[in-house]
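Each chain, letter by letter, is given below.
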Amino acid sequence: MGGSHSREDIDLTSSDEEEEYDEDYDARSPISDPAASAGQRDDDLLRTATPASLEAIDAKLRSLDLKYQRPTAAKLYLHVGGASSSARWVLDERRATYAFVDKAGDDSPSARWFLEIGPGPRVSAPVDSALQLKANPAQSRADFAAGGSVWALRLPTDAEFRRFRVDYERCLFENTYGVEATDEGRKEVFGADFAAWARPDEADDAVWADAQESLNPPVTAPMRDLLEEFEEEAGDGESIQSLALGALDNSFVVGSSGIQVVKNFHQGLHGKGASVRISGARGGSASAYSTPKKALLMRGETDMLLMSPGEALHSNGVHHVDIETGKVVAEWRFEKDGTDIAMRDIANDSKGAQLEPSGSTFLGLDDNRLCRWDMRDARGRVQTIGSSSESPVLNWSQGHQFSRGTNFQCFASTGDGSIVVGSVDGKIRLYSKSSMRMAKTAFPGLGSPITHVDVTYDGKWILGTTDTYLILICTIFKDKDGKEKTGFSGRMGNRISAPRLLKLTPLDAILAGTDNKFHGGQFSWVTENGKQEKHLVATVGKFSVIWNFQQVKDSNHECYRDQQGLKSCYCYKVVLKDESIVDSRFMHEKFATGDSPEAPLVVATPMKVSSFSIANRR
C-alpha cells in the first residue's frame, strides 16, 4: 500500500461544535459573586493583553498560590474512526473541567506539571511535546494526543482560551527545562544571544522574510500529488535496513544478508543487481555477516565504506568495498596511538564528496570526538583540518578530544565541508571547514535530543530531528559591515532568528503509532552552488512525511497565524505504507524531469523499496 495523503485541508470540526453554549452555562467553576466579577474583569483585560501583561497577570495568580489549578468548565471532544471515511469528533463531556496540576511532590518521575481533564479524570498527561498540542484560536480550541486517543478541548471564551495557552506554555517550559518560566529562567536556558528563542512572539522575522524573497521563483501553490512509479520486493527473506543513494548510475539497498545494487532512473530505483555479502574478521578469522549501521559511498561512487555497530552502537572500524568487483578489499580500524577507539558515525567530507574520484578522507564522530580519517595510511590516521603540514600520524590533542559532556550523536556536512553536529542534550553546533577545535555557533537545545541532523548545500539551513518534531534553523546573519554570512563562518552573536518546528497533527501522531518516533529528517539532495533544496522529508512509523521547504519558510503561511511560542508548520503530505518505514530519501536533483519539479522520493520498508514522483498538476 502506498500513496500520498494531504494534511493541508483536514476538517476536524464536529457538527456538535457548531452549537452555542447555553446562556446559563457558567464558563468557570461555581464561585461567589465578587469573585465572579473579578473573573469578568480578568476576561476583559485578557482580550487586549500583550504576552508581557499576560505574564504579569499570571504572576499575580501564582502569588495567590493557585498553582495553575483552575477548574474551568469546557467541552471535551474525542476523535473516533481514525483515518476512515467515518472519522468524526464526538462530544465526550459537555461540562469538562481542566487544570494544570503541580505534582512535584508526588511519586511521578516524568514531569512536574500535568494536564488533567475531568470528570474521571478523562485525561491525565504530563505537559510535554508528546501531547502534540495544536491550538486553533478561531474556535478557542486545543487538540492534543494523550492515552492513545486524540482529544479536543474547547474553551467557552476567547479569554479563557488565551489563559489556557499561557498556562500551557509556562508549564511546558518548566517541565522541559526544570527552571521557572521567568525572564531569568529563559536567560539561564537560552543565554543572552538567543532572545528570539526565549520570546519567539516578539522575535524579528526579517531573516526568514529575506530568505523567502531571495528564492526565485517563489512557490505558493500547494504541494503536488505523489505518484508511485516503482516498487521492488526485497526477496529471499531479505530485511532492508537502510539506503545508500547514488547520484550516478546505481544506488544500494543494505539488507540483513547483503548489499543489493539497483539502477537509478528518473522515475526512481528499479531492477535488482549484484549482491555482496560482508564477512571475515580482522586476522582472517571468519565471522557471520553483520548488517552495516552505515553505508558511505566514496571515490566517484566506485567504493563504499560499511560500518557495523558494536557495543552501544559504536564501531571499531569499517569495511572497504570495491563496488566494481563486489568484494571487500580492506578492513580499517579506528586507532589512536596504537589503541583501538570507537566511532558512533561516519560521513562524507562534504555534500558532494562521494562524487570526487580521488577522495580518500571521511569524517568520524564519537560521543566526545570529531575527526577526519585518512585512508592513504596503512593504519588510518586522523588529520587535523587546516593542519596538513603537521605529521601524517597525529596524537589526539585539544580541539579533537572534547571535554566530557558534549554527547555528540549525529552530524552532517555542507557543500564546502563545514560540519553541523547534533547532541543528546539538544544542542546543535556549527564548525567551519577550517577548524574542528571550537564551534563558531552553538544553538541551545529545545529539551529533546537531536537524533539526526542535515544541512543544505549552502549551509544556510539546518534540519534537526527529535522524537516528536523537526526543528528548522536559519544560520544566515549580517556582520557589522552588513555582509551576509552563515553561522559556520562567523559568530552570530545576538542576530539569531527564532527556529521553526515541523510537527504532526495530534491525529497523525496517533495514526503513525503511539510508540513511533521521527527519524532521518533531511532535505532534498543538491550538490551544486546556486541550487536550492525544495522539500524536506522525515520518517515516523508507517509514514513518510514531506514538507514544502518554501512554504515552511514563508512567514505569511497560514499555519503561523495566531500561533504562540515557536512557529509550527502542520502542512505536509504523507506516504503511508503497510509496515513501518525504514528510510525515506529524495534522489539526487539530476533525476528530476520536466514532468516533476523534484527528484523521486524513495521509501524503504523491511520488505520493499518504493519510488514516488511528485507530479505536476494538469
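The rules behind the values
- Residues numbered from 1 in each chain as written.
- Predicted model: local features only at pLDDT ≥ 70, side-chain atom pairs only at ≥ 80, totals over all residues.
- Heavy atoms only, no water.
- Helix = DSSP H or I, 4+ residues; strand = E, 2+ residues; numbered from the N terminus.
- Buried < 20%, exposed > 50% of the residue type's maximum accessible area, 1.4 Å probe, protein only.
- Contact = heavy atoms within 4.5 Å.
- Areas by Shrake-Rupley, 256 points an atom, 1.4 Å probe, with all protein chains shown as cover.
- 1 Å grid on protein atoms, 1.4 Å probe; cavity = no way out; pocket = protein on both sides within 12 Å on 5 of 7 lines; lining within 4 Å.
- Points joined across faces, edges and corners; volume = space filled by probe spheres on them.
- Nonpolar A, V, L, I, M, F, W, Y, C, P; charged D, E, K, R; others polar.
- Pairing = 2+ DSSP bridges.
- Axes fitted to C-alpha atoms, helices over the stretch in contact; angles between N-to-C directions.
- Phe/Tyr/Trp six-rings, centres within 6.5 Å; stacked < 30°, edge-to-face > 60°.
- Lys NZ or Arg CZ within 6 Å of the ring centre and 35° of its normal.
- Salt bridge = Lys/Arg side-chain N within 4 Å of Asp/Glu carboxyl O.
- Expected span 1.5 Å × (residues − 1).
- pLDDT = per-residue confidence, 0-100.

### Section: the overall build of the chain
In step 1: Looking only at helices and strands, the chain has 8 helices and 41 strands in total.
In step 2: Here the chain holds 618 residues, and 54% of them are scored as buried.
In step 3: Long-range contacts, defined here as pairs at least 24 residues apart, represent 58% of the contacts in the chain between residues at least 6 apart.
In step 4: Roughly 26,900 Å² of accessible area belongs to the chain as shown, and the carbon and sulfur atoms make up 47% of that amount.

### Details of empty space enclosed by the protein
In step 1: Counting across every chain of the model gives 5 cavities of 30 Å³ or more.
In step 2: In terms of lining residues, the largest cavity is bounded by 11 residues, among which Glu-232, Glu-233, Ala-234, Val-253 and Val-262 are the most central.
In step 3: Counting residues per element, the ones that place at least two in the lining of the largest cavity are β9 (226-233), β12 (259-265) and β13 (268-276).
In step 4: Looking at the lining of the largest cavity residue by residue, the class counts come to 6 nonpolar, 1 polar and 4 charged.

### Description of the sheet that holds strand β16 (residues 317-322)
In step 1: Strands sit in the order β14-β15-β16-β17 across an open sheet of 4 strands; the sheet is antiparallel. Each edge of the sheet is formed by a strand with only one pairing partner; in this case those strands are β14 (294-298) and β17 (327-333). Taking the axes of each pair of neighbouring strands and ignoring which way they run, one obtains an average angle of 25° across the sheet.
In step 2: Pairing between strand β15 (residues 303-307) and β16: 4 bridges, direction antiparallel. The residue bridging Leu-305 from the neighbouring strand is His-320, located in β16.

### What to know about the packing of aromatic side chains
In step 1: With the rule as written, the count across this model stands at 14 aromatic pairs.
In step 2: An angle of 80° between the planes, with centres 5.9 Å apart, marks the rings of Tyr-98 and Phe-100 as edge-to-face.
In step 3: On the accessibility criterion, Phe-100 (0% relative accessible area) is buried.
In step 4: When the centroid spacing of 5.4 Å and the interplanar angle of 45° are considered together, the rings of Phe-100 and Phe-164 count as tilted. One end of the pair, Phe-100, is in strand β3 (residues 88-102); the other, Phe-164, is in helix α3 (residues 158-177), with 64 residues separating them in the sequence. Both residues of the pair, Phe-100 and Phe-164, belong to the buried class.
In step 5: The ring of Phe-114 has Lys-103 lying over it, and the distance from NZ or CZ to the ring centre is 4.6 Å.
In step 6: Arg-141 extends its terminal NZ or CZ atom over the ring of Trp-89, reaching a point 5.4 Å from the ring centre.

### Structural notes on unusual backbone geometry
In step 1: The amide bond that connects Gly-118 to the next residue, Pro-119, takes the cis arrangement and shows omega of 0°.
In step 2: The omega torsion across Gly-120 and Pro-121 is 0°, close enough to zero to call that bond cis.
In step 3: With respect to the helices and strands, the residue Pro-121 is situated in the loop between β4 (113-118) and β5 (123-126).
In step 4: For Arg-299, which is not a glycine, the phi torsion comes out positive at approximately 50°.
In step 5: Mapping Arg-299 onto the fold places it in the loop between β14 and β15.
In step 6: You can call Arg-299 partly exposed: its relative accessible area is 24%.

### Observations concerning the pattern of salt bridges
In step 1: The final tally for this structure, using the stated rule, is 23 salt bridges.
In step 2: Notably, a salt bridge pairs Asp-349 with Arg-372, separated by 3.3 Å at the nearest N-O pair. With Asp-349 in the loop between β20 (345-348) and β21 (361-366) and Arg-372 in strand β22 (residues 369-374), the pair connects residues that are 23 residues apart, well separated along the chain. Of the two residues, Asp-349 and Arg-372, neither departs from the other in class, the shared state being buried.
In step 3: Glu-484 is the partner of Lys-460 in a salt bridge, and the nearest nitrogen-oxygen pair spans 3.3 Å. Remark: Glu-484 occurs in strand β32 (residues 484-486) and Lys-460 occurs in the loop between β28 (452-455) and β29 (461-465); sequence separation between them is 24 residues.

### Brief notes about α3
In step 1: The end-to-end C-alpha distance of α3 is 29 Å, a good match for the 28 Å that 20 residues give at a rise of 1.5 Å each.
In step 2: Downstream of α3 by one or two residues, Gly-178 has phi in the positive range, about 75°.

### Brief notes about the sheet that holds strand β40 (residues 601-604)
Two pairing modes exist for strands in a sheet, parallel and antiparallel, and in both the strands are linked by backbone hydrogen bonds.
In step 1: What the 4 strands build is an open sheet, ordered β9-β41-β40-β39; its pairing is antiparallel. The sheet is open, and its two edges are formed by β9 and β39 (583-586), each paired on a single side. Neighbour-to-neighbour, the strand axes of this sheet turn through a mean angle of 20°, independent of strand direction.
In step 2: As judged from the 4 bridges shared by β39 and β40, these two strands associate in the antiparallel manner. Bridge assignment links Arg-585 to a residue of β40, and that residue is Val-602.

### Topic: the confidence of the model for the chain
In step 1: Residue-level pLDDT values for the chain average 79, and 75% of them are 70 or greater.
In step 2: Taken element by element, the predicted model of the chain shows its lowest mean pLDDT in helix α1 (residues 33-47) (37) and its highest in β28 (98).
In step 3: Within the model, the stretch residues 63-68 combines pLDDT values under 50 with 13 contacts to residues more than four positions away or in other chains.
In step 4: Segment residues 280-287: pLDDT under 50, and 12 contacts once partners within four positions in sequence are set aside and those in other chains are kept.

### Describing the layout of surface pockets
In step 1: Looking at the second largest pocket, its volume works out to about 1,400 Å³.
In step 2: Every residue lining the second largest pocket is counted, 41 residues in all, and those nearest its centre are Lys-294, Asp-345, His-452, Asp-583 and Arg-585.
In step 3: Sort the elements by how many residues they give to the lining of the second largest pocket and strand β24 (residues 408-413) lands first, with 5 residues.
In step 4: When its residues are assigned to classes, the lining of the second largest pocket shows 19 nonpolar, 14 polar and 8 charged.

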